[in-house]
Amino acid sequence: MTFEELKALDHAHTLQTYGRFDVAIAHGKGATLWDLEGKEYIDFTSGIGVNSVGYGNEQWAWSIYEQALALGHISNLFYTQPYAKLADVLCRRAGMAAAFFGNSGAEANEGIIKLARKYSFDKYGKGRSTILTLKNSFHGRTITTLTATGQDVFHQYFYPFMEGFRYADANDLESVKAEGGKDVCAVMLELVQGEGGVLPMEPDFVQGLAELCAERDWLLLVDEVQTGIGRTGTLFAYQQYGIQPDAASFAKGIAGGLPMGGFLVNEKCRNVLGAGMHGSTFGGNPIAASAALTVLDILDEDALEAVKEKGAYLRAGIEALDKKSIGSTRGLGLMIGIEVKEGYTNKALAAQLVQNGLLVLTAGPGLRLLPPLTITKEEMDKGLAIMAQVLE
Ligand SMILES: *Cc1c(COP(=O)(O)O)cnc(C)c1O
């Protein structure tokens, strides 16, 4: 099939909900991809933070193959080894007490929202159910997580949205206090706002927020769907902020390319959701859980340390390009935002880079890089060379 044939087939019978680049990727190895015609690309996107251990990773692929042959799915009415082992590894490395597994980031966030409301209901009864989130946040595309998302552009068309959410300014503890009240049960935030433009929260704000939550018995919910599973150089970003949340959601990178999400809770919250109160047919499916165990095996402490070094290397390389179209960089680990200067648009720059063999993402008004965590120095250099050549 040629690219044009594929594009025509796609447009004939799929909902056109994505603004796709004019490229069809066929296969990959490491952080390098090839399209249908055999053209090579360096990947600074990892499928939006998903392919954490790169493409064609054999250890990952074998773990999926072997688990699929043994037991692909059985339902959560039965015990399975991958589910229990994955919860054990995650909780030990994250300092948490218990895990729940689902299939996506939005589903994971729905879970921690339910957790917070149930925790509060058990202790205080009705009427204490509001969740504070931050402006410019992104928490998902279900009706509830769209409501939780603190950007007005997401609050259109799909009325009615949910009750029980209010929005405070990021990095502004006074704003959080002003929005707080007797009806609040939790605060939910990303430690680096991803879709909003790669905006890291200030450590003072996060620590102050954690204290405020403890004081008022609000649950501190951290959305680590994008920042989690090694992306920022620690397994979870909160491990760099000196806080321990009550619950943390994760998804994107956890299973290295298979659909999986979930959340971890601390000791205080481990018994809040009991039998029959929450569930997911595919959640923690043996194949996805086996893939996730392999991802966590590959992302050991040395690999996480390397993520920090690679992030610093890439950012220094970009800053050294000294281009008219882009400005400074920001972020944490291999989650990198690049400012786009006036007179240029992130969409046009991204399209230009993709056309010339470098896959990048946009976020807010800037560019966003989320390379596979296993990317090599050679691949980063190739990507930087394309930026040097293509960007004005
Ligand atoms: C991607 C993302 C989500 C939504 O995840 P889905 O798997 O698409 O549902 C939620 N929160 C954050 C921070 C994200 O980056």
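The name recorded for the protein chain in an unreviewed UniProt entry is Acetylornithine aminotransferase, from Pseudoflavonifractor gallinarum. Database annotation for the protein chain, UniProt heading Catalytic activity (unreviewed entry): "N(2)-acetyl-L-ornithine + 2-oxoglutarate = N-acetyl-L-glutamate 5-semialdehyde + L-glutamate". Database annotation for the protein chain, UniProt heading Pathway (unreviewed entry): "Amino-acid biosynthesis; L-arginine biosynthesis; N(2)-acetyl-L-ornithine from L-glutamate: step 4/4."

Glancing now at the environment of Thr145. By the secondary structure assignment, Thr145 is in helix α6 (residues 143-148). Taking the relative accessible area as the measure of exposure, Thr145 reaches 0% and is therefore buried. Sequence spacing of Thr145 and Phe161 is 16 residues, and the spatial spacing of their C-alpha atoms is 9.6 Å. A polar atom in the side chain of Thr145 sits 3.2 Å from the backbone nitrogen of Arg141.

As a further point, take the site of the ligand. The local shell around the ligand holds 13 residues, among which Gly105, Ala106, Asp223, Gln226 and Lys252 are the closest. Note that an oxygen atom of the ligand is positioned 2.7 Å from one of the side-chain N or O atoms of Gln226. The side chain of Lys252 places a nitrogen or oxygen atom 2.6 Å from an oxygen atom of the ligand. Taking 380 Å² as the accessible area of the ligand by itself, protein coverage stands at 80%.

Turning our attention to the nonpolar core. Formed by 84 residues in total, the largest nonpolar core has its most connected members in Leu90 and Met387. Ranked by residue count, the leading element in this core is helix α9 (residues 286-298), at 8 residues. Not counting the four nearest positions on each side in its chain, Met387 is found in contact with Phe44, Ile318, Leu321, Lys323, Ile338, Leu353 and Leu358.

So, about the layout of surface pockets. Considered as a void within the structure, the second largest pocket measures approximately 490 Å³ in volume. Lining the second largest pocket are 18 residues, with Tyr83, Ala99, Phe100, Arg270 and Leu273 positioned closest to its centre. Mapped by element, the contributors of at least two residues to the lining of the second largest pocket are α4 (81-94), β4 (98-102) and β12 (261-265). For the lining of the second largest pocket, a count of residues per class yields 13 nonpolar, 4 polar and 1 charged.

What follows concerns the sheet that holds strand β1 (residues 25-29). Ordered by their spatial adjacency, 4 strands build an open sheet running β1-β2-β3-β15, and the pairing between neighbours is mixed. Of all strands in the sheet, those bounded by a partner on one side alone are β1 and β15 (358-359). Note that strand β2 (residues 32-35) and strand β3 (residues 40-43) share 3 bridges and pair antiparallel. Looking across to β3, one finds that Leu33 is bridged to Tyr41.

Quick notes on the rules
Residues numbered from 1 in each chain as written. Predicted model: local features only at pLDDT ≥ 70, side-chain atom pairs only at ≥ 80, totals over all residues. Heavy atoms only, no water. UniProt positions renumbered as here; feature names shortened; annotations may be inferred. Helix = DSSP H or I, 4+ residues; strand = E, 2+ residues; numbered from the N terminus. Buried < 20%, exposed > 50% of the residue type's maximum accessible area, 1.4 Å probe, protein only. Polar contact = N/O pair within 3.5 Å; in protein donor to acceptor, adjacent residues only side chain to side chain. Near = heavy atom within 4 Å. Areas by Shrake-Rupley, 256 points an atom, 1.4 Å probe, with all protein chains shown as cover. Core = buried A, V, L, I, M, F, W, Y, C linked by side-chain atoms within 4.5 Å. Contact = heavy atoms within 4.5 Å. 1 Å grid on protein atoms, 1.4 Å probe; cavity = no way out; pocket = protein on both sides within 12 Å on 5 of 7 lines; lining within 4 Å. Points joined across faces, edges and corners; volume = space filled by probe spheres on them. Nonpolar A, V, L, I, M, F, W, Y, C, P; charged D, E, K, R; others polar. Pairing = 2+ DSSP bridges.

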